[in-house]
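A look at the structure
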Amino acid sequence: MKTLKQILKEKQHQEIISIAPDKSIFEALVLMAEKGIGALAVMEDTKLVGIFSERDYAREVALKNKASRTTNVSEVMTSKLSYGQANDFVASAMSTMTNKRVRHLPVMEDDEMIGMLSIGDLVKATIEYQEELIAQLESYIRS
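Residues numbered from 1 in each chain as written. Predicted model: local features only at pLDDT ≥ 70, side-chain atom pairs only at ≥ 80, totals over all residues. Heavy atoms only, no water.

1. Notes on the packing of aromatic side chains
Which entries qualify depends on this criterion: Stacked, tilted and edge-to-face are the three classes assigned to paired rings of Phe, Tyr and Trp, where Trp is represented by its six-membered ring and a pair needs centres within 6.5 Å; plane angles under 30 degrees give stacked, over 60 edge-to-face, the rest tilted. Two conditions define a charge located above a ring, namely a distance within 6 Å from the ring centre to NZ of Lys or CZ of Arg, and an angle within 35 degrees of the ring normal.
Applying the stated criterion across every chain, the model contains 0 aromatic pairs. In this structure, R69 is placed above the aromatic ring of F26, and the distance from its NZ or CZ to the ring centre is 3.7 Å.

2. A short note on the sheet that holds strand β6 (residues 112-118)
To be explicit about the condition: Strands are treated as partners if at least two bridges between them are detected by DSSP. Going along the chain from the N terminus, every DSSP run of H or I of four or more residues is numbered as a helix, and every run of E of two or more is numbered as a strand.
The strand order across the open sheet formed by 3 strands is β4-β5-β6, and the pairing between neighbours is mixed. Looking at strand neighbours, the two that pair on one side only are β4 (84-85) and β6, the edges of this open sheet. The pairing of β4 with strand β5 (residues 104-109) spans 2 bridges and is classified as parallel. Paired with Q85 across the bridge in β5 is M108.

3. Description of the pattern of salt bridges
Should their charged atoms come close, side chains of opposite charge can pair. Keep this limit in mind: Each salt bridge in this description consists of a side-chain nitrogen of Lys or Arg and a carboxyl oxygen of Asp or Glu lying within 4 Å of one another. Each residue is assigned to one of three classes by its accessible area relative to the maximum for its type, calculated with a 1.4 Å probe on protein chains only: buried under 20%, partly exposed between the two thresholds, exposed over 50%.
Applying the stated rule across the entire model yields 5 salt bridges. Measuring nitrogen to oxygen at the nearest pair gives 3.8 Å for the salt bridge that ties K2 to E128. Of this pair, K2 sits in the segment before α1 (4-10) while E128 sits in helix α5 (residues 119-142); the two residues are 126 residues apart in sequence, bridging distant segments of the chain. Residue class for E128 comes out partly exposed when judged on its relative accessible area of 29%.

4. Brief notes about the environment of S82
Selection rule: Two residues qualify as a contact provided that any one of their heavy atoms is within 4.5 Å of a heavy atom in the partner residue.
Positionally, S82 belongs in the loop between α3 (54-62) and β4. Owing to a relative accessible area of 16%, S82 belongs among the buried residues under this scheme. Taking the C-alpha atoms as reference points, S82 and K2, separated by 80 residues in sequence, lie 20 Å from one another. When near neighbours in sequence (up to four residues on either side) are disregarded, S82 contacts T96, K100, L105 and P106.

Interpretation in functional terms is not warranted from these geometric data alone.
Encoded structure:
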């Protein structure tokens, strides 16, 4: 099974897509739409301070009638974060995400964020791994 770092290297967006906490929700939504992603790392310089996701928007902006253009990301972002480590395996990350009920997991290496994975990234990696195992078993049975 692959490590989180290996999965990050295969992703379409290998760079960290982030926004500053003092930017507006509207700017965050525009960036997410442009990149086709569901969450952004919220960074102060190179330090991860939170995550802003579609879920944060729905729960903290839309449902509470806050204005997207005048509300800062820092006001609604998720700041209690769970992390994965670069050398963790997919199963460990899936367990963390399930237990913490999160859909996006920052990946850290030596106290530095190196990327972010979604639950979809991990499901895809799991399916690929299972397909490889099945192919190996079928090959073994035939020989």
